Amino acid sequence: MRKSILLTAMLLLMLLSALMAQPSIKITKAEIPAWLRTISQKPQQINLDEISLGYYFELIENQYHLGNQTHYANSIKVLSDDSGAENAGQVSIDFDPLFQRVVIHRLQVERDGKIQDRLDLSKFKTVAVETDLSRLIYNGQYSSFTVLDDLRKGDKIIFSYSIIGFNPVFEGKFSNLYYLEGSEPNGLVHLVYVVPNGRKLNIKPHNGAKANKHLVKDGLDYLYWEEPTEGSSTSDEYYIPYWYDKTAYIQASEFSSWRQVADWAKRVNPISEIKAGSALDNQIQQFWAESKQDTTAYFEKCLNFVQNSIRYMGIEMGENSHRAHAPEKVFNQRYGDCKDKSLLLASMLARKDIKSSLILANTYQDKELDKSLPSPYSFNHMVIAAVIKGKLKAVDPTITNQGADVMDRYFPYYGKVLFLENGSKLSEVTKPVSSHGYFVTVEDVFQLLPEGKANLKVTTTYFDHEADRMRTYFKETAKNQIQNEYEDYYKQLYKKAKHLTPISFTDDLKNNVFIIKEEYLLDKYVVDEEKRGAPAYMKFIYDRIPAVEEDRVSPISVEYPLNINYLVKIINRDKQNVGSLEHDEDVIERDSYWYSRFLKTSKDTLIISTTFRFNDSYIPAEQVQDYITDYKKISAALNFYPYLNDNDQIELENFNINELDFSPYAFLAFMVLSGLFSWFLFKHYIKSRPGNLISVEPARPFSEITGILWILGIGLSLGNLMIFGVFFTSESPLNAKQWQIIDGLSNDKANSILYFMYLSWWLLISVFSCVSTLFLTILFWKCRDIFPQTYVIIQGISIITILFTNFFLYLLNSSEFSISTNLAPRDLWTILIGILWCIYLYKSDRVKRTFVVPYNFDDIVVEEENQIEEENNLKEQKDDSLDNPEGFKSLSEGNGI
């Protein structure tokens, strides 16, 4: 408050000084100019049902004479209702007395067909209006006005005047933008540009505006429009992009190219030579010495000085609307506007032979500037780009308290800009990308307490431009006020929130990271509605995404750049486990924005991570309906409400895992890799013989599966089902949403590549686990001799994959990774069981007698059976020969016995 009072007092003193310095302002009257084009049409009849405020314009006329630099204005207002006298019963003229003078031609009231002359110059009051003081800019604008008395319904107010004089800063070139229609119908609009012979005025109609008509009179070209208007379809919608304007308008400019605009700006704002020995030069030499003649260090010192020691204040009277003040003056007075500060910095750099270019930008219009006619009025801001050690770096001298090294300073996204050096066309500003992955991260940690209370710890980390903004806020705001504002914020979300510790902050200026920490006691945290719950409101994101009407058809302006990650942790009382939950993930990917939310658990903690990012400064009209649908889903998800049991502890049976969305590419890769691995195992490896890793005893007959081996067999068989079931969870590498996360990390290229590698690795592990477990199961139940060694090999590979996978997880999120959390209990239990079975297979005699069947066992059995049968036949023949020797057989046959 004190700062506001001091600032207001300072502005009033400056305004008073400026008023005293102004020349005497005198308004005169004269006859209507002879050069005007005469109106040839009659105004249309107006439907009064379309009129508000009790009046309408029967005529709006503006004629511009480029030769004598005169703007003639004429209007006829009709009071259609008694309220019109209140809303339209005054007339005014805005002008700059430094280069303009006002001549009034008529002020009349027509009543019942009779004209009343109301022109009395003594009743006109002239005051400074200064509409830009809220932006710390004094523009020298004045307004002459008078209030008409005795007005009645049906009266017509006729007012015409001329403003003579164009701003000399434009060197005689004319530029203008004129709207041909308003929100309500007008009886007639008459726009005329009077162009002297030899001058060319470029005209460009926009949004359906008609082309001009042409008339030559007294050696002058009259370019004119004369037609009634029905009123534009401009709506009262919020979040309309500045460049999105469907109202018909005309652009006129004597500048034929952006090169001409750049050359004009260079002439108006040449980079000055600093006088040797001046106060500014002494400061420059000091910075150069302190920088040890290093251009980067010198650039940073100069920029810091201009940003933070030259306060922003614009005295933009007359030509100084576009012409900067001399650098020495700005240095001495220690204030200036954007062009003053930019020119000062450029001059300081030039003093040490550092090349730079001033840049014209538009802070409101970051789109479609290239659709405009070249004109100085296309821009409202000036910045600078310098060449430092061969690298071009753009900076904005009006931003205060910027962090990071000078070559990494945040530069706003201004869309298309115009370099004054070699500026033959508009150049596109690179869209900002956070070097930290996000521009803001928020972490809310809720510790549930007895009696429905909770402890809330909040850590908010700001990067890049967000850090610059918060740094300035903390420097310019009282600590008590900050504390109260933050506490009030949480009182609106959670009843009876009270801070436990004073708000604290850490400012890492070098890396441009600003961290705020808060701690609150939420005395009435648990909400008892249909069910008792522990709410978590991610309002920080909610406040930054616009809500629009469902019938919206126009594009939506959004906050840009915006990239927020909001992490919520709700910790159960008494370290009670919240239960198991597969990663429940939801991803919405659009061209204009990206949203992701996933849930996971870690012992007694439920974790909700939400990310939202805008990819551009607006949402196109064709994507608006998608956004409206997505907004409902996103805004609902930003109010998280897990239910509690009777002990006020979280239970997860209320949560459903999202339906799996298979990725066709991942599924195809899985099938191809599984086929190749299966072909290798079942075509080649299965034919191998056991090595020296685990010896067996190939003695027949072999033992069947007995004893403890049944446990191993059942475990292998069930393992196939468990591994197959993993494919139907949100964690599966076959889930398309897992791969969509990569797009969400596009601002962080390193993590994006790392996560792609992780998913690819996880896909390979899935192939290995699925095929190898099935292969082991088949070997086991066939008692193959290579089963023991194969089991040991696969278990060894599995242990390595577990360790390597956790290493990936550490790289992806080192801040949350811990051995106790990430390696226990499932992974450690898997490793332990695998090692125990490997020891058993190595030591057990039962194993050595059981797994003895070779690859060609069936062929060997048939061959041996055939051999046995042959041996038996031979044995039978031998026995017969012993009972009836050959000699006895012959004798007996011969004796007839």
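Heads up: the structure comes first, above all this text.
Everything quoted here is computed from the prediction, not taken from an experiment.

Reading the values: the criteria
Residues numbered from 1 in each chain as written. Predicted model: local features only at pLDDT ≥ 70, side-chain atom pairs only at ≥ 80, totals over all residues. Heavy atoms only, no water. Phe/Tyr/Trp six-rings, centres within 6.5 Å; stacked < 30°, edge-to-face > 60°. Helix = DSSP H or I, 4+ residues; strand = E, 2+ residues; numbered from the N terminus. Buried < 20%, exposed > 50% of the residue type's maximum accessible area, 1.4 Å probe, protein only. Lys NZ or Arg CZ within 6 Å of the ring centre and 35° of its normal. Expected span 1.5 Å × (residues − 1). Contact = heavy atoms within 4.5 Å. Axes fitted to C-alpha atoms, helices over the stretch in contact; angles between N-to-C directions. Parallel < 35°, antiparallel > 145°, perpendicular 65-115°, else oblique. Left-handed = near helix turned anticlockwise from the far one by under 90°. Nonpolar A, V, L, I, M, F, W, Y, C, P; charged D, E, K, R; others polar. Polar contact = N/O pair within 3.5 Å; in protein donor to acceptor, adjacent residues only side chain to side chain. Core = buried A, V, L, I, M, F, W, Y, C linked by side-chain atoms within 4.5 Å. Pairing = 2+ DSSP bridges.

*Asks:* Is there a simple way to explain the packing of aromatic side chains in this structure?
*Replies:* Centre distance and the angle of the planes are the two values used to describe a pair of aromatic rings. As enumerated under the stated definition, the model contains 45 aromatic pairs in all. Their ring planes at 25 degrees and their centres at 5.6 Å tell us that Tyr64 and Tyr193 sit as a pair that is stacked. Here Tyr64, found in strand E2 (residues 55–65), pairs with Tyr193, found in strand E12 (residues 186–196); they are 129 residues apart in sequence, far enough to count as distant. One exposure class covers both Tyr64 and Tyr193, and it is buried. We note Arg37 situated over the ring of Tyr224; from NZ or CZ to the ring centre the distance is 3.8 Å. Positioned above the aromatic ring of Phe255, the side-chain terminus of Lys173 is 5.5 Å from the ring centre.

*Asks:* How should helix H9 (residues 479–493) be read in this particular structure?
*Replies:* Given 3.6 residues per helical turn, the α-helix brings residues three or four places apart onto the same face. Given a rise of 1.5 Å per residue, 15 residues ought to cover 21 Å, and the 22 Å separating the end C-alpha atoms of H9 matches this to within 8%. Where the residues of H9 are buried, they touch strand E26 (454–463), helix H8 (464–476), strand E27 (495–508), strand E28 (513–524), strand E31 (536–537) and helix H10 (539–542).

*Asks:* Help me out: how do you make sense of the packing of helix H5 (residues 295–308) against helix H7 (residues 338–350) in this one?
*Replies:* Here H5 crosses H7 at 155 degrees, and the two axes come no closer than 10 Å. Classified by the angle their axes make, H5 and H7 are roughly antiparallel. The two elements H5 and H7 meet at a crossing, and its hand is right-handed. Residue-level inspection shows Tyr298, Phe299, Cys302, Leu303, Phe305, Val306 and Gln307 of H5 in contact with H7, the latter providing Lys341, Leu344, Leu345, Met348 and Leu349. Looking at the contact of H5 with H7 residue by residue, the classes come out as ten nonpolar, one polar and one charged.

*Asks:* Can you walk me through the side chain of Gln251 in this structure?
*Replies:* Turning to its location among the elements, Gln251 is positioned in strand E16 (residues 249–253). A distance of 2.9 Å separates a polar atom in the side chain of Gln251 from a polar atom in the side chain of His206. Residues contacting Gln251, with those up to four places away along its chain left out, are Asn176, Leu177, Asn202, Ile203, Lys204, His206, Lys371, Ser372 and Leu373.

*Asks:* Honestly, the nonpolar core in this entry has me stumped. Any pointers?
*Replies:* Soluble globular proteins tend to bury their nonpolar side chains together. Counting residues in each nonpolar core, the largest one holds 71 residues, and the members touching the most others are Tyr525 and Ile570. The greatest single-element share of this core, amounting to six residues, is contributed by helix H11 (residues 624–637). By size, the runner-up hydrophobic cluster in this structure holds 46 residues, among which are Ile274, Ile310, Leu358 and Val395.

*Asks:* How should the sheet that holds strand E9 (residues 142–147) be read in this particular structure?
*Replies:* To summarise the sheet geometry, strands pair through backbone hydrogen bonds and adopt either a parallel or an antiparallel arrangement. The antiparallel open sheet is built from three strands, whose spatial order is E4-E9-E7. With one partner strand each, in any of the chains shown, strand E4 (90–95) and strand E7 (125–128) form the two edges of the open sheet. Strand-to-strand, the axes of this sheet are offset by a mean angle of 25 degrees, without reference to chain direction. For E4 and E9, the ladder comprises six bridges, and the chain directions are antiparallel. Looking at the pairing, Ser92 lines up with Phe145 of E9.

*Asks:* How do you make sense of the pairing of E12 when you look at a structure like this?
*Replies:* The side chains of a regular strand alternate between both faces of the sheet. Extensive coverage of E12 is indicated by the burial of eleven of its eleven residues. Examined bridge by bridge, E2 and E12 share six bridges and lie parallel to one another. When the sheet's bridge partners are listed, Tyr64 is paired in E12 with Tyr193. Strand direction decides the pairing type here: E12 and strand E15 (residues 220–229), joined by nine bridges, are antiparallel. Bridge pairing in E15 places Asn186 opposite Thr229.

*Asks:* So what exactly am I meant to see when it comes to unusual backbone geometry here?
*Replies:* Peptide bonds are trans in most cases, and residues, glycine excluded, mostly fall at negative phi. A cis amide bond links Tyr560 with the next residue in sequence, Pro561, at an omega value of 0 degrees. Within the secondary structure, Pro561 is located in the loop between strand E32 (556–557) and strand E33 (562–571). Even without glycine at this site, Asp218 takes up a positive phi of about 55 degrees. Residue position: Asp218 is located in the loop between strand E14 (213–217) and E15. In this structure Asp218 comes out as exposed when scored by relative accessible area, which is 72%.

*Asks:* Explain the sheet that holds E16 to me, please; I cannot follow it from the model alone.
*Replies:* Here three strands make up an open sheet; going across it, the order is E11-E16-E13 and the pairing antiparallel. Looking at strand neighbours, the two that pair on one side only are strand E11 (175–179) and strand E13 (202–206), the edges of this open sheet. Along the sheet, successive strands turn relative to each other by an average axial angle of 15 degrees, direction set aside. As paired strands, E13 and E16 are joined by five bridges and run antiparallel to one another. Residue pairing for E16: Pro205 is matched across the bridge by Ile250.

*Asks:* Honestly, the side chain of Asp616 in this entry has me stumped. Any pointers?
*Replies:* Its location among the elements puts Asp616 in the loop between strand E36 (605–614) and strand E37 (618–619). Among the residues examined, Asp616 registers a relative accessible area of 13% and is labelled buried. Among residues more than four places away in sequence, those in contact with Asp616 are Lys367, Tyr413, Lys431, Val558, Tyr560 and Ser592.

*Asks:* So what exactly am I meant to see when it comes to the environment of Asp616 here?
*Replies:* For Asp616 and Lys431, which are 185 residues apart along the polypeptide, the C-alpha to C-alpha distance reads 8.4 Å. In this structure the side chain of Asp616 is engaged in a polar contact, spanning 2.9 Å, whose partner is the side chain of Lys367. In terms of polar contacts, Asp616 uses its side chain to reach the side chain of Lys431, at 3.1 Å.

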